[in-house]
Every structure is written in C-alpha cells, then in structure tokens.
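# A closer look at the structure
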Amino acid sequence: MREYINWRTSVFERDQFTCQDCGVNKCYVTAHHIKPFAVILKEYNIQTVADARVCQELWGLENGKTLCEDCHSKTDSYRGRGRKVKNGAVS
C-alpha cells in the first residue's frame, strides 16, 4: 500500500535511519507504530483498504519511530504479539 510505504520512508528519513531506542544506525531498521496498527484499525472500525487510506492516525508521523530489529522485537506488538484471538476474531 502506497500510504504505508510513504509513512515508513518519512519515519526513516525523520529519524535519520537511526534506532530511536538504542541509537544504532547502519543496520536493518523497521518503522514501528507506537500505537499499534491493529488498535487503530479497531478504534476506527476500519473494514476496508479505502477506510485505512483516509485514516489520519494510521499515517501520522507522530505515531511512528525507527527501531532496529533487536529493539523492535522487544515491543508489545512485535509480529502480532499481544493480539488476542477470541471466537475466531483478532482483537
């Protein structure tokens, strides 16, 4: 999705491709949603890609930070960690 790619690139550039938790650079970095993507989808009842494209909170730079893979793996939402499955639905 173009919006995600633009958001991620803008986060990296703002943070100068440097991990905002440990300060390392010149390594593989990821753009981390501070408020988890899944939480925003649920709060705004986003059901479609079209809904997601117009949600300002999903793409706001203030909700993103650059992290190295090690620091990203320590977050509560890394690779879906913290999501609960209840009655077949992710919450």
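What you are looking at is a predicted structure, and each value in this text was computed from that prediction instead of being measured. Residue numbers restart at each chain and count upward from 1, following the sequence in its written direction. Since the coordinates come from a predicted model, pLDDT governs what is reported: local features require at least 70, and pairs of side-chain atoms require 80 or more to be given and counted, while whole-chain, interface and lining totals use all residues. Side-chain metrics in this entry use all non-hydrogen atoms of the structure; hydrogen atoms and water are not considered.

### Structural notes on the overall build of the chain
How we decide: Going along the chain from the N terminus, every DSSP run of H or I of four or more residues is numbered as a helix, and every run of E of two or more is numbered as a strand. Partly exposed residues are those whose accessible area sits between 20% and 50% of the maximum for their type, while under 20% is buried and over 50% is exposed, using a 1.4 Å probe and protein chains only. Two residues form a contact once any of their heavy atoms are found within 4.5 Å.
In terms of regular secondary structure, the chain is built from five helices and four strands. From first element to last, N terminus to C terminus, the chain shows the α and β order α-β-α-α-α-β-α-β-β. A burial count over the chain gives 31% of its 91 residues as buried. Put simply, of all contacts in the chain between residues at least 6 apart along the chain, 63% involve residues at least 24 apart.

### Observations concerning the side chain of Thr-66
For the record, the criterion: Here a polar contact is taken to be a pair of N or O atoms separated by no more than 3.5 Å, where protein atoms must pair a possible hydrogen donor with a possible acceptor and residues adjacent in sequence count only if both atoms sit in side chains.
Assignment of secondary structure puts Thr-66 in strand E2 (residues 64-68). Polar side-chain contacts of Thr-66 include one of 3.4 Å to the backbone oxygen of Val-11.

### Examining the pattern of salt bridges
Test applied: Between Lys or Arg on one side and Asp or Glu on the other, a salt bridge is scored when a side-chain nitrogen of the former is within 4 Å of a carboxyl oxygen of the latter.
Scanning the entire structure with this criterion turns up seven salt bridges. Of the charged contacts, one joins Asp-15 and Arg-14 as a salt bridge, the two residues approaching to 2.9 Å between their closest N and O atoms. For Asp-15, a relative accessible area of 9% puts it in the buried group. Its relative accessible area of 39% is what places Arg-14 among the partly exposed residues. When the shortest N-O distance is used, the salt bridge between Glu-43 and Lys-35 registers 2.6 Å. Owing to a relative accessible area of 25%, Lys-35 belongs among the partly exposed residues under this scheme. What you see here is one network of salt bridges that share partners, running through Arg-2, Glu-3 and Arg-53.

### Overview of the confidence of the model for the chain
In plain terms, the rule: For every residue, the predictor states its confidence as a pLDDT score lying anywhere from 0 to 100.
Across the chain, pLDDT averages 86, with 86% of residues at or above 70. Scored below 50 in pLDDT, residues 82-91 shows nine contacts in the model against residues more than four places distant or in partner chains.

### Re the environment of Phe-12
When you line up the elements, Phe-12 lands in helix H1 (residues 2-14). Of the residues examined, Phe-12 reaches a relative accessible area of 11% and is grouped as buried. For the pair Phe-12 and Gly-64, spaced 52 residues apart in sequence, the C-alpha to C-alpha distance is 9.2 Å. Setting aside its immediate chain neighbours within four residues, Phe-12 contacts Phe-17, Val-29, Thr-30, Ala-31 and Thr-66.

### Focus on the side chain of Thr-30
Within the element layout of this structure, Thr-30 appears in strand E1 (residues 29-33). Looking at Thr-30, its side chain comes within polar contact range of the side chain of His-72, at 3.0 Å. Contact partners of Thr-30, with chain neighbours within four places excluded, come to Phe-12, Lys-65, Thr-66, Leu-67, Cys-68, Glu-69 and His-72.

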